[in-house]
Amino acid sequence: MIDRKRTRTRRTEMDQDAKKTALRMIPYGIYVLTADDGKGNVAAATVNWVTQTAFAPPLVVVGVKTDSGAYQIVKDTKTFALNMLGKDGKGVAFHLLQADQARRRQALRAGIHKGTTGAPILDCRTSGGRVPGHQLVEQGDHHIVVGEVVEAHVAKPITGRPDAAILEMKELGDNVFYGG
């Protein structure tokens, strides 16, 4: 008889500096998730854990901090808009990264309009779309929202590669990181 408890390999403790460095090597775009509960509450959150996961139907996943007002609205309404910030969107990104609600409201005053489907869309974005959330994966301090893109907008023509037009975390400065 084999004692499985004794034959398991022991995990060594992870080197925290190596973990931080490895996770910070993942390139992060800066996006703004906006949501409206239909009762006068509009939320906006800077997010960067975003990726497309399917072409047909076009699906995206977004990691949203569980204690944010945006997450609660997305969870309740099952819909949100994902706004892509261009290289000129640093000011909006910094305001929305602030915990100070007054600064967040100031960033929202940059302009929001409702898309044809009713989702709030930032006027200052490069592109964006309305995404009904189909599924929530509730694990960790950020939950994953899986949604289908049902409406898309490009605010201004993009020259060159579309993925080169997006504001990236590294462009916010040497002291702004995510991951780790």
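Note that the coordinates shown come from a computational prediction; the quantities given were computed from them, not determined experimentally.

*Asks:* Honestly, the environment of aspartate 123 in this entry has me stumped. Any pointers?
*Replies:* Assignment of secondary structure puts aspartate 123 in the loop between strand S7 (120–122) and strand S8 (127–137). We classify aspartate 123 as partly exposed; its relative accessible area is 41%. Taking C-alpha positions, aspartate 123 is 5.5 Å from isoleucine 112, a pair spaced eleven residues apart along the chain.

*Asks:* What's the story with the pairing of strand S3 (residues 50–54) in this structure? I'm lost.
*Replies:* Residues in a regular strand point their side chains to alternate faces of the sheet. Bridge analysis of S3 against strand S4 (residues 59–65) gives four bridges, and the strand direction is antiparallel. The residue of S4 that forms the bridge with glutamine 52 is valine 60. As consecutive antiparallel partners, S3 and S4 are separated by four residues.

*Asks:* Just to check I follow, could you spell out the pattern of salt bridges for this structure?
*Replies:* Two side chains that carry opposite charge are able to pair once their charged atoms sit near each other. Considering all chains together, one arrives at seven salt bridges under this definition. The partner of aspartate 36 in a salt bridge is lysine 114, with the nearest N and O atoms 2.8 Å apart. Placement of the pair is aspartate 36 in strand S1 (residues 31–36) and lysine 114 in strand S6 (residues 112–114), with a sequence separation of 78 residues. On the basis of relative accessible area, aspartate 36 is assigned to the buried category, the value being 13%. Residue classification places lysine 114 among the exposed positions, given a relative accessible area of 52%. Two residues, aspartate 88 and lysine 156, come together in a salt bridge whose shortest N-O distance is 3.1 Å. Of this pair, aspartate 88 sits in the loop between strand S5 (79–84) and helix H4 (90–97) while lysine 156 sits in the segment after strand S10 (151–154), and the two are 68 residues apart along the sequence. The exposure class of aspartate 88 is exposed, given its relative accessible area of 53%.

Parameters at a glance
- Residues numbered from 1 in each chain as written.
- Predicted model: local features only at pLDDT ≥ 70, side-chain atom pairs only at ≥ 80, totals over all residues.
- Heavy atoms only, no water.
- Helix = DSSP H or I, 4+ residues; strand = E, 2+ residues; numbered from the N terminus.
- Buried < 20%, exposed > 50% of the residue type's maximum accessible area, 1.4 Å probe, protein only.
- Pairing = 2+ DSSP bridges.
- Salt bridge = Lys/Arg side-chain N within 4 Å of Asp/Glu carboxyl O.

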